[in-house]
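# Fold and geometry: a report
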Amino acid sequence: MPPLAKTKVYSITEITRLIRQTLEDEVGGVWVEGEISNYKLYTSSGHSYFVLKDAGAQLNAVLFSAARAALPAALRLADGVRVRAFGEITVYEAAGKLQIKVAKIEEAGLGDLMRRFEALKRKLQAEGLFDASRKRPLPRLPRRIGIVTSPTGAVIHDILNVLWRRFPNIQVRLAPVRVQGAGAAEEIAEAVALFNRVCGPESAWPADLLIVGRGGGSLEDLWAFNEEIVARAVAASAIPVISAVGHEVDFSLCDFAADLRAPTPSAAAELAAAPKAEFEAQIAGLDRALRQALRQRAAELRSRLAAARASAALRQPRQITERLAQRVDTLGMRLEHALRRRLQAVRQQAAGTFGRLELLRERRVRQLESRVALDERRLTQACRLRAERCRARALAAERQLGLLNPLAVLERGYSLTRTESGALVRSVGDAAPGRTLVTRVRDGAIRSVVEKAGI
Amino acid sequence: MAKKEESLGFEAALKRLEAIVEEMESGEMDLDKMIASFEEGQRLVKLCTAKLNEVEQKIEKIVKDGSGGAAVEPFELNAEG
């Protein structure tokens, strides 16, 4: 030890600062790995303080709020978590404490996990476990669905809500499992195998489909679904599997091995069950199509029948009958013609005979006529003679009659008096005074009134 | 024929129904066959509709029993949640 007088004496502040500066200069920024303990978050400042330790030593650590805010949300900072932290080694002078100011932090072993994941994925892929040809189509109408998930939490609720809203007639069996932590992978794999043992096609409750999954979480939370045992159990399942490991972006090995991958359990339920109404509409549509097809076919056959009826093949017999009919017609016509000709001949013959007859008749008539004319003349002459004779006799009689006629007396100066009523006045008594009398004389009549009778 | 249909699952029945419709719509089928197909189709429509409503909504829990088999128990959603 050098003598005190010759040596510089540092204040505590000076020496602490010197140590800090030396550390900062010589060590600077480093990556350290250790386990978190005594983790404390001061909510007022947003800074967190903890200790990083391993089996042999410990190092205080501070994570200021600005650096914390930049960390991925999935990162768990808690006691017992192994982390890798990058930061500057420094000294908190006020407390004289060596510490690391953390700028970046990530869970240790994550790189290992990812390496294991990739290696396992390559291996299973090489085995053909993920081949597209292995994927089976899902049943369109699953009526019994097995679910492998946690009995607690939102996932089972979400799945049932979606399933039953879309299709009320679905039965569900749940195999309750832990979905994270030690032993979870074994439980999941065993549940898948259990469904295949107990709910096979020949069983009383044949499952049409399995949904294997969990809700979202950190990569490590989901890790059980990346275990080989789960991937193999899912790939080996005789019952089709929908994997729904709640991570939108990353695929789990379970997803790769399943027949169908859904981003979330609710999405798995939607993929599993089409809405009942859709089926009903489809069946109704097919029913309509059936009727329509039959109607159309019937209409088509009817029109074909109509066309066939009019076709040459069926018209053939008709052509034959038509031809026959024509022949009959022709024969008929010929017959008629012949008949008419014959008739004409007969008629002509008859007419000839008739003509001769007529001639004879006319001659006879003329004979008779001339005889009648002769007779007539003779008759006329006789009549005329007789008429002359009668007339002469009539004239003589007339003359004789004239002598007897009272009116002839008038010529000789006599008159004839009658009353107005035409009665002949024969005596005085016939002419009462005041009576009008008409007196007929040779050349006319005189009207007079009786003044006095019987003079 | 009817007996064979009875044993069809929903999916098979629906597929058969679709095939029948397609065949009928494609035309060249004689009328007797067509009528037989139509009748079969009608039976399938009934069957599919019945199948849609066949199962009652239910949830159970399936767990391993001690002896390597499985026990099915009623599952109460909220009791276990």
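In short, a report on the structure. In this text, all values refer to a predicted model and were calculated from it rather than measured experimentally.

### Concerning the interface of chain A and chain B
Facing the 45 residues of chain A at the interface are 45 residues of chain B. When chain A packs against chain B, the two sides together hide about 3,900 Å² of surface, and 67% of this comes from carbon and sulfur. Three residues stand out in chain A for area buried against chain B, namely Ile283(A), Leu290(A) and Arg297(A), and they jointly supply 16% of the buried area on that side. The interface formed by chain A and chain B includes 4 salt bridges.

### Concerning the nonpolar core
By size, the foremost hydrophobic cluster in this structure holds 49 residues, and its most contacted members are Leu163(A) and Met24(B). Residue assignment places this core across two domains, with domain 2 (117-274) and domain 3 (283-310) of chain A each supplying three or more. The next biggest cluster of nonpolar side chains, apart from the first, holds 40 residues, and it includes Val179(A), Ile188(A), Leu210(A) and Ile239(A).

### Thoughts on the pairing of strand 9 (residues 241-245) of chain A
Residue and element names in this part refer to chain A. Burial of strand 9 is extensive: 5 of the 5 residues sit out of reach of the surface. Judged by which residues are buried, strand 9 turns out to be covered on both faces: Val241, Ser243 and Val245 on one side and Ile242 and Ala244 on the other are all buried. Bridge analysis of strand 8 (residues 209-214) against strand 9 gives 5 bridges, and the strand direction is parallel. When the sheet's bridge partners are listed, Ile211 is paired in strand 9 with Ile242. Taken together, strand 8, helix 6 (residues 228-236) and strand 9 constitute a β-α-β crossover, and its handedness is right-handed.

### Some points on the packing of helix 9 (residues 276-309) of chain A against helix 3 (residues 31-52) of chain B
The geometry of helix 9 of chain A relative to helix 3 of chain B is characterised by a closest axis approach of 10 Å and an angle of 170° between their N-to-C directions. Compared by their axis directions, helix 9 of chain A and helix 3 of chain B come out roughly antiparallel. Contact residues: helix 9 of chain A offers Lys276(A), Phe279(A), Glu280(A), Ile283(A), Asp287(A), Leu290(A), Arg291(A), Ala293(A), Leu294(A), Arg297(A) and Leu301(A), while helix 3 of chain B offers Leu31(B), Met34(B), Ile35(B), Phe38(B), Gly41(B), Gln42(B), Val45(B), Cys48(B), Thr49(B) and Leu52(B). Class assignment of the residues belonging to the contact of helix 9 of chain A with helix 3 of chain B gives a composition of 13 nonpolar, 3 polar and 5 charged.

Calculation rules
- In every chain, residue numbers begin from 1 and rise along the written sequence.
- Working convention: letters from A go to chains and numbers from 1 go to ligands, in the order in which they are written.
- In keeping with the model being predicted, local features are shown solely for residues with a pLDDT of at least 70 and side-chain atom pairs are shown and tallied solely at 80 or more, while totals for entire chains, interfaces and linings include all residues.
- The basis for every side-chain value is the complete set of non-hydrogen atoms in the structure, without hydrogens or water.
- Residue contacts are defined here by distance: any two heavy atoms, one from each residue, within 4.5 Å place the two residues in contact.
- In this description, buried area is defined as the sum, over both parts, of the accessible area (probe of 1.4 Å) that is lost when the two are combined.
- Between Lys or Arg on one side and Asp or Glu on the other, a salt bridge is scored when a side-chain nitrogen of the former is within 4 Å of a carboxyl oxygen of the latter.
- What we call a nonpolar core is a set of buried Ala, Val, Leu, Ile, Met, Phe, Trp, Tyr and Cys residues that are connected through their side-chain atoms within 4.5 Å.
- Only protein chains enter the calculation, and the probe is 1.4 Å; a residue is then buried if its accessible area is under 20% of its type maximum, exposed if over 50%, and partly exposed in between.
- Boundary definitions for the domains trace back to an automatic or database domain assignment.
- Think of it this way: any DSSP run of H or I at least four residues long counts as a helix, any run of E at least two long counts as a strand, and we number them from the N terminus.
- By definition, two strands form a pair when at least two bridges between them are found by DSSP.
- By definition, the crossover connecting two strands over a helix is right-handed if that path, from the first strand to the second, turns clockwise as seen with the strands pointing away from the viewer.
- Helix axes are fitted only over the stretch in contact, all axes being lines through C-alpha atoms; the angle between N-to-C directions runs from 0 to 180 degrees.
- Roughly parallel refers to an angle under 35 degrees, roughly antiparallel to one over 145, roughly perpendicular to one between 65 and 115, and oblique to any angle outside these ranges.
- Classes in brief: Ala, Val, Leu, Ile, Met, Phe, Trp, Tyr, Cys and Pro nonpolar; Asp, Glu, Lys and Arg charged; the others, Gly included, polar.

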